Amino acid sequence: MSVRRVVVVGGGAMGSAAAWRLAARGDEVTLLERFWPGHDRGSSYGTSRIFRLAYADPFYADLTVRALPLWQQLEEATGRRILTLTGAVDHGPAAVIEALHEGLTRLGRPAERLVPEQVAERWPGLRADTSALYHPEAGRLHADESVAGFQQAARDLGADIRHGARVSELSVQGEGVRVRIEGQDDIRADAAIVAVGSWTASLLANGPDGPVRSLPALRVTQEQPAHFPAVDPLSWPSFIHHPGAALPAVGPTVDGVYGLGSIDGVKAGFHGIGPVVDPERRDRTPDPETLRALAAYAERWLPGVQHTAPEPLTCLYTTTKQHDFIADRQGPVTVLGGCSGHAFKFAPLLGELAAALTHGQPGPDRFTLDRP
Ligand SMILES: Cc1cc2nc3c(=O)[nH]c(=O)nc-3n(C[C@H](O)[C@H](O)[C@H](O)COP(=O)(O)OP(=O)(O)OC[C@H]3O[C@@H](n4cnc5c(N)ncnc54)[C@H](O)[C@@H]3O)c2cc1C
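So, how was this worked out
- Residues numbered from 1 in each chain as written.
- Predicted model: local features only at pLDDT ≥ 70, side-chain atom pairs only at ≥ 80, totals over all residues.
- Heavy atoms only, no water.
- Helix = DSSP H or I, 4+ residues; strand = E, 2+ residues; numbered from the N terminus.
- Polar contact = N/O pair within 3.5 Å; in protein donor to acceptor, adjacent residues only side chain to side chain.
- Contact = heavy atoms within 4.5 Å.
- Pairing = 2+ DSSP bridges.
- Axes fitted to C-alpha atoms, helices over the stretch in contact; angles between N-to-C directions.

(A) A look at the side chain of T221. Tracing the backbone through its elements, the reader meets T221 in strand β14 (residues 219-223). Here the side chain of T221 touches E223 through a polar contact of 2.6 Å, side chain to side chain. The residues contacting T221, other than those within four sequence positions of it, are G274, P275, V276, V277, C315, L316 and Y317.

See the structure below:
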């Protein structure tokens, strides 16, 4: 398709990745981000996100494998160090670990079953539950470097990257879009990609005349992991402790505990338990109760960290009912979002998918805007 003018709204991981992939197709791209570079108001900031191939669901497992070379391509294009493969340890009930192992085997990727004693021997800072699995093609993505890298790569291909540009309204006009920016001139373009994370519902909620006909329900929560001091945190594998064996499947551990080493220490967090918030008015103060529960978890399961000295941080999840992302187009508007607390690892692939949708190609059924 010929070069077209596309506006990307939102400069987190998803919008920045989409801008890169559009620019790589030769489109004339403008990325509009309301905050400053490296800001901490959304979902994509910080020094670490887990990359891993171990998904029991073959659909997502396949996407992880497709995302991996795109991360490597981004590193080559920008000269930045973004993905460090440290390996990952999953541990918990045998049935869960078995399903993950089967998923990796199906994909032909290396993985190794371990007993807790072997985990303790190889990573003395980590205590494993009943059953464990190690896979080497996993590790740490540097989140800030990723977002800056996507934007750098897009800019190098001619994209116009603007910070301090808050979109106040997006409307469909004829076959294209009109984008209103606070305090700046409107932009008209052939198409838009909306990747505004936790602000998706508010930007797209313009009633029947809005830019899209339908949007799945989105739950915005403030999550609260913490960094724990540790000796040589960068040598840690990423880890997921699945509930159901020694970890109770109730209370804060209902969806398990994740963690990984970073330059800020060993990060650990309960997955998706935070309170529902309005991203515009949220209280970014950490909740002391959650912090206490996390420190108690670290005392029992992370003997290699200083559990008495957690440094909490807050971040937003935007979660769909089935935890499936949104990547779909209606008319000239493509929506990329609903990242459900696990999308960072897929960012370059989702950016490519959004670019392809904008060019009229179909996307996965599971990511559609119209869903029951
Ligand atoms: C604590 C935490 C840990 C996580 N860990 C992992 C992990 O280990 N592995 C993994 O794969 N995923 C992880 N995730 C999920 C992952 O980080 C998110 O899925 C991803 O960052 C979402 O990116 P996004 O671009 O959709 O949202 P955001 O990063 O929030 O980007 C949206 C952007 O849109 C901008 N914006 C909003 N409104 C407007 C407007 N009107 N005009 C212009 N700009 C606007 C915002 O300022 C923001 O920059 C984690 C998330 C959190 C919060």
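On we go from here.
(B) Region of the structure containing the sheet that holds strand β8 (residues 139-141). Taken in spatial order, the 3 strands of this open sheet run β3-β8-β4, and their pairing is antiparallel. Bordering the open sheet on either side are β3 (49-51) and β4 (83-85), each of which pairs with just one other strand. Here the strands of the sheet are splayed against their neighbours by 30° on average, with no regard to which way each runs. Direction of pairing for β3 relative to β8: antiparallel, over a ladder of 3 bridges. Looking across to β8, one finds that I50 is bridged to R140. Contacts between helix α2 (residues 58-78) and the sheet are confined to β3, β4 and β8, with β3 contributing the most and set at about 120° to the helix.

(C) Structural detail: the sheet that holds strand β10 (residues 167-173). Across the sheet, 3 strands lie side by side as β10-β11-β12; this open sheet has antiparallel pairing. Here the strands that pair on one side only, and so sit at the sheet edges, are β10 and β12 (187-189). For this sheet, the mean inter-axis angle between neighbouring strands, taken without regard to orientation, is 20°. In this sheet, β12 lies alongside strand β11 (residues 176-181) in antiparallel orientation, the contact comprising 3 bridges. Considered in β12, the bridge of V179 is made with I187.

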